[in-house]
Amino acid sequence: ELAVDRAVGAGEAEHRGIRISSADRVIYPGPALSKGGVARYYDRVAERMMEHAAGRPVALVRMPSGLDGQRFFQRHPGKGFPEAVRSVRLTEADGSSADYITLPDPAALLGAVQMGTLEVHIHGARNDRLDRPDRLVFDLDPDEDLGFPAVRKAAREIGDLMARFGLASAPMVTGGKGVHIIVPLRRTAGWETVRGFAEAVARGFERRAPERFTATASKSGRKGRIFIDWLRNGAAATAVSPYSLRARPGAPVAVPADWDELARLDRADGFDIEAAVARAQRDCPLLDASRGAQGLSQSVLDAMEDW
Ligand code: ATP
Ligand code: MN
Ligand code: MN
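Residues numbered from 1 in each chain as written. Chains lettered and ligands numbered in written order. Predicted model: local features only at pLDDT ≥ 70, side-chain atom pairs only at ≥ 80, totals over all residues.

1. Here we look at the nonpolar core
One finds Val-38, Tyr-42, Leu-109, Phe-138, Met-172, Ile-228 and Val-255 to be the most contacted residues of the largest nonpolar core, which totals 91 residues. Structurally, this core is a two-domain feature, drawing no fewer than three residues from each of domain 1 (1–122) and domain 2 (130–307). Those residues within four positions of Leu-109 in sequence are excluded, and the remaining contacts are Tyr-42, Ala-46, Met-49, Met-50 and Leu-103. (Core = buried A, V, L, I, M, F, W, Y, C linked by C-beta atoms within 7 Å. Buried ≥ 20, exposed ≤ 12 C-beta atoms within 10 Å, placed from the backbone. Domains from an automatic or database assignment. Contact = placed C-beta atoms within 7 Å.)

2. Thoughts on the site of ligand 1
The environment of ligand 1 is formed by 13 residues, the closest being Phe-73, Thr-174, Gly-176, Gly-178 and Thr-238. Where the shell around ligand 1 is concerned, the elements lending two or more residues are strand 11 (135–142) and strand 16 (239–240). Classifying every residue of the shell around ligand 1 gives 4 nonpolar, 5 polar and 4 charged. (Near = placed C-beta within 6 Å. Helix = DSSP H or I, 4+ residues; strand = E, 2+ residues; numbered from the N terminus. Nonpolar A, V, L, I, M, F, W, Y, C, P; charged D, E, K, R; others polar.)

3. Comments concerning helix 1 (residues 35–53)
Across its 19 residues, helix 1 extends only 21 Å between first and last C-alpha, which sits more than 12% below the 27 Å expected from 1.5 Å per residue. Burial analysis of helix 1 places 16 of its 19 residues in the buried class, the great majority of the element. Just downstream of helix 1, Gly-55 is the residue with a positive phi angle, here 70°. (Expected span 1.5 Å × (residues − 1).)

4. Observations concerning the packing of helix 1 against helix 6 (residues 273–280)
Where helix 1 meets helix 6, the axes come as close as 10 Å, and the angle between the chain directions of the two elements is 25°. One element, helix 1, and the other, helix 6, form an angle in the roughly parallel class. Considering only the axes of helix 1 and helix 6, their crossing is left-handed. Residues Tyr-41, Arg-44, Val-45 and Arg-48 of helix 1 form the contact with helix 6, whose own contacting residues are Ile-273, Ala-276, Val-277 and Ala-280. The residue makeup of the contact of helix 1 with helix 6, split by class, is 6 nonpolar, no polar and 2 charged. (Axes fitted to C-alpha atoms, helices over the stretch in contact; angles between N-to-C directions. Parallel < 35°, antiparallel > 145°, perpendicular 65-115°, else oblique. Left-handed = near helix turned anticlockwise from the far one by under 90°.)

5. Description of the domain arrangement of the protein chain
Partitioning the protein chain into structural domains gives domain 1 (1–122) and domain 2 (130–307). For domain 1 versus domain 2, the distance between C-alpha centres works out to 24 Å. Counting residues at the interface gives 25 residues for domain 1 and 23 residues for domain 2. Only helix 1, strand 6 (57–62) and strand 10 (117–122) provide two or more residues apiece to the side of domain 1 that touches domain 2. Top contributing element to the side of domain 1 that touches domain 2 by residue count: helix 1, with 9 residues. Across the side of domain 1 that touches domain 2, the residue classes tally to 16 nonpolar, 3 polar and 6 charged.

This is the structure we're talking about:
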């Protein structure tokens, strides 16, 4: 079995060679989930999750005292992290640069958990080529009173458009309210091109069906609509990682689905830990899509112009 769940002492556990302190501390109330339970979850999905999250800059949502305590959205390395957690220097278009957290392997993931991490968010490029994204994300953010069927339908429409451009994609329920449509990319284009493409798609949907979509972040413009958040695409932007827990009541998980499966899901936060582990042990639709990844070539950009 994958899970190494060795009791080391009262309130301690060890996973992947990382000592987890205060393992019995309750992090999620409700159906109670302890820090040790969080570590056990990440241990069980580590290999699969790291196929998506390893070797790129990440941001961590840390809540060391649990859901009722302080919340830290941490992008830069800090004191006290286990050595397994590493850093990578990222230089942005304006020339500014900074060190970001990066997780090379399952031990690093568990190192982040030891520091109170609940959520892992990932950048769209890998460390060895930070100026060439290997994924593009459309983050569908529905207005509060819009039901999930509307989100599902919108996701499908974006996926179909990508397919028309020859781009494979996969939907991911976020564990929150919405769906991300993730388009794995061959690393031929830079951020400006990828971001421009994402914006053009979002604005195209808004133009065609302004009663259903907005491409603008403002809360007021979202009334009864879905905000197609294309701003997740940028050198320093992040989106929640596949198989990340969410720091929300009930401990829901962000889980990639295939398009047929999405049609049968009735909410974005329907995967709890057990369901997510079971799903992670099967195929991964997003990895499947990655195997057919295309670049944003001139022919794709031309097809976009004609759309
Ligand atoms: P939902 O489906 O509920 O929208 P989501 O993960 O898409 O879930 P959003 O609020 O749409 O949530 O996206 C926020 C994104 O912005 C996160 O995925 C995260 O990567 C990024 N982000 C940037 N700064 C922060 C921050 N301070 N706190 C949380 N997220 C942040
Ligand atoms: Mn969202
Ligand atoms: Mn968003």
